[in-house]
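Spelled out, the chains give:
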Amino acid sequence: MDILRVREELVCTRRVPGLKQASLRVLEGERGTLLVATDPVGVPPGKWVFATVGTAARHAMGDYDVHTDLTICGIIDHWEP
Amino acid sequence: MDILRVREELVCTRRVPGLKQASLRVLEGERGTLLVATDPVGVPPGKWVFATVGTAARHAMGDYDVHTDLTICGIIDHWEP
Amino acid sequence: MDILRVREELVCTRRVPGLKQASLRVLEGERGTLLVATDPVGVPPGKWVFATVGTAARHAMGDYDVHTDLTICGIIDHWEP
Amino acid sequence: MDILRVREELVCTRRVPGLKQASLRVLEGERGTLLVATDPVGVPPGKWVFATVGTAARHAMGDYDVHTDLTICGIIDHWEP
Amino acid sequence: MDILRVREELVCTRRVPGLKQASLRVLEGERGTLLVATDPVGVPPGKWVFATVGTAARHAMGDYDVHTDLTICGIIDHWEP
């Protein structure tokens, strides 16, 4: 699972139906890579999280039918990048 | 999910049957990487989108039998690269 | 899906049974990375193609039991690298 | 499977239910990349391990319903990086 | 599928049960990356091989229940790196 920091919410009006009402976040890796993740935890910007990829991302949403490939799994209590 | 910009349509006459009539787009990442994605949304060139990989890409097509590994999931409303 | 150029056929006498009689090609990415793909299309060397990864690669073979993770999906009509 | 070194335990109070009580470790690759893995073996910090990704990571937990994408599979007896 | 060279056998006494008695090899990519793969072919060190990732790696073992994500699929007859 990757270690990433929540940067902001992603506003996306026009999306595929398979994403349903999932909350989307822009995440930033340690080297500046930006990714979009679904967020079942409700994480505020600035927090360090770890996120899971692949089919596990759909399972982690608690709803396998959400068509994501990256889902936030938890907030890291303390992290010094 | 990756953040990418739509560059152009991909013209491909000779393809495997499993792609069916799926619309194909050439996408460009922030570092210039070029990828091919299926597009169920209908996105014009120049727009920033996010796209899902793996089995989720097939689900996102609304037809699991389309043999893609990258599908556009939505248009990002505002994006400053 | 990745954009790659067909470099040559891969000769491989000793292989796992799960690859069956699949035709194998050495593909080269834009940055020189070399990969091996199964080819259900029959592409001559020098052509630019796009190829799918993961479980979609097995579906694209038209035979899910071929144990590949990269399959050529189509020839790109025009490509300027 | 990737070769990684165990750096420390990951403390994560707020997590998705799908991770259950899985033990989490921060792993470091040869080039300094940091990743989070589930650990069914019980590996102390400093050890070199190899870890599996994707759906195999869930199988390796001995419980397919743990929503991980990286699981430690074994401790390497001797490793000179 | 990736093109890799067999470097040595991997000795690993303490491993998850899901790897069973699978033979493990350390493989080296063209840019020096080291990976661990399961080997159903029996390849001696020094040989160039190609290996499959993901669920195809489990299928290629001839036993889907071996929890690997990288399996050697064949020895390349001639390879000039």
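Residues numbered from 1 in each chain as written. Chains lettered and ligands numbered in written order. Predicted model: local features only at pLDDT ≥ 70, side-chain atom pairs only at ≥ 80, totals over all residues. Heavy atoms only, no water.

Trainee: Describe the overall build of chain A, listing the residues and the values that go with them.
Mentor: Check the secondary structure of chain A and you find 1 helix and 6 strands. The helix and strand sequence of chain A, counted from the amino end, reads β-β-β-β-β-α-β. Compactness check: chain A gives a C-alpha radius of gyration of 12 Å against a globular reference of 12 Å for 81 residues, within 12% of the reference. Based on the C-alpha atoms only, the size of chain A along its principal axes is roughly 35 × 25 × 20 Å. A buried classification covers 57% of the 81 residues belonging to chain A. (Helix = DSSP H or I, 4+ residues; strand = E, 2+ residues; numbered from the N terminus. Rg over C-alpha atoms; globule rule 2.2 N^0.38 Å. Buried < 20%, exposed > 50% of the residue type's maximum accessible area, 1.4 Å probe, protein only.)

Trainee: Can you tell me about the interface of chain E and chain D, naming the residues and giving the values?
Mentor: Quite often, the size of an interface is put as the accessible area lost when its parts meet. Facing the 25 residues of chain E at the interface are 23 residues of chain D. Inspection of the chain E/chain D interface yields 0 salt bridges. Here chain E and chain D share 14 residue pairs in polar contact (both at pLDDT 80 or more) between them. For the side of chain E that touches chain D, the secondary structure elements donating two or more residues are β2 (14-15), β3 (24-28), β4 (34-38) and α1 (55-60) of chain E. Considering every element that reaches the side of chain E that touches chain D, the biggest residue donor is β4 of chain E, with 5 residues. (Contact = heavy atoms within 4.5 Å. Salt bridge = Lys/Arg side-chain N within 4 Å of Asp/Glu carboxyl O. Polar contact = N/O pair within 3.5 Å; in protein donor to acceptor, adjacent residues only side chain to side chain.)

Trainee: Talk me through unusual backbone geometry; I want residue IDs and the actual numbers.
Mentor: Non-glycine residue K20 of chain B carries a positive phi angle of around 50 degrees. Along the polypeptide, K20 of chain B turns up in the loop between β2 (14-15) and β3 (24-28).

Trainee: Could you give an account of the side chain of T55 of chain B, naming the residues involved and the relevant values?
Mentor: Considering the arrangement of structural elements, one finds T55 of chain B in helix α1 (residues 55-60). On the accessibility criterion, T55 of chain B (16% relative accessible area) is buried. Setting aside anything within four residues of it in sequence, one finds T55 of chain B in contact with T55 and R58 of chain A, Y64 of chain B together with T55 of chain C.

Trainee: Describe the interface of chain D and chain A, and please don't skip the residues or the numbers.
Mentor: Contacts between chain D and chain A engage 25 residues on the former and 23 residues on the latter. Taken over both partners, the interface formed by chain D and chain A buries close to 1,900 Å², and the fraction arising from carbon and sulfur atoms is 57%. Three residues stand out in chain D for area buried against chain A, namely R14, H67 and D69 of chain D, and they jointly supply 32% of the buried area on that side. Joining chain D to chain A, the criterion identifies 0 salt bridges. Residue assignment for the side of chain D that touches chain A shows that the elements contributing at least two residues are β2 (14-15), β3 (24-28), β4 (34-38) and α1 (55-60) of chain D. At 5 residues, β4 of chain D tops the list of elements feeding residues into the side of chain D that touches chain A. Tallied by class, residues from the side of chain D that touches chain A come to 12 nonpolar, 7 polar and 6 charged. Across 2 bridges, the pairing between strand β6 (residues 70-75) of chain A and β2 of chain D is antiparallel. The residue bridging G74 of chain A from the neighbouring strand is R15 of chain D, located in β2 of chain D. (Buried area = accessible area lost by both parts, 1.4 Å probe. Nonpolar A, V, L, I, M, F, W, Y, C, P; charged D, E, K, R; others polar. Pairing = 2+ DSSP bridges.)

Trainee: Help me get a handle on the arrangement of the chains, residues and values and all.
Mentor: Between chain A and chain C there is no contact; the minimum C-alpha to C-alpha separation amounts to 11 Å. There is no contact between chain B and chain D; across them, the least C-alpha separation is 10 Å.

Trainee: Tell me about the side chain of T38 of chain A, and please be specific about residues and values.
Mentor: In this fold, T38 of chain A is placed in strand β4 (residues 34-38). Taking relative accessible area as the criterion, T38 of chain A reaches 0% and is therefore assigned buried. A polar contact is formed between the side chain of T38 of chain A and the side chain of T71 of chain A, at a distance of 2.9 Å. For T38 of chain A, the contacting residues outside a window of four places in its chain are L19, A22, S23, L24, M61, T68, L70, T71 and I72 of chain A together with M1 of chain B.

Trainee: Can you tell me about the relation of the copies chain E and chain D, naming the residues and giving the values?
Mentor: In the superposition of chain E on chain D (RMSD 0.0 Å, axial shift 0.0 Å), the rotation amounts to 72 degrees. Considering both components of the superposition, the chain copies are consistent with a five-fold axis. Ranked by how close their C-alpha atoms come to the rotation axis, the residues of chain E are headed by G54 of chain E, at 5.5 Å. The two copies present different faces, since only 8% of the interface residues in chain E are matched by interface residues at the equivalent positions in chain D. (Least-squares fit on C-alpha atoms with pLDDT ≥ 70 in both.)

Trainee: Outline the relation of the copies chain D and chain A, listing residues and values.
Mentor: Expressed as a screw transformation, the operator carrying chain D onto chain A has a rotation angle of 72 degrees and an axial translation of 0.0 Å, and the superposed copies differ by an RMSD of 0.0 Å. Taken together, the interface assignments show that only 8% of the residues at the interface of chain D recur at the interface of chain A, consistent with different surfaces on the two copies.

Trainee: Summarise the state of the cysteines; cite the residues concerned and give the values.
Mentor: One way to say it: the disulfide is the covalent bond shared by the sulfur atoms of two cysteines. All told, the structure shown has 0 disulfides over all chains when counted by the stated rule. This cysteine, C73 of chain B, is not joined by any disulfide, and C12 of chain A carries the nearest cysteine sulfur, 8.6 Å off. Note on C73 of chain B: relative accessible area 0%, which makes it buried. (Disulfide = S-S within 2.5 Å.)

Read these as geometric descriptors, not functional statements.
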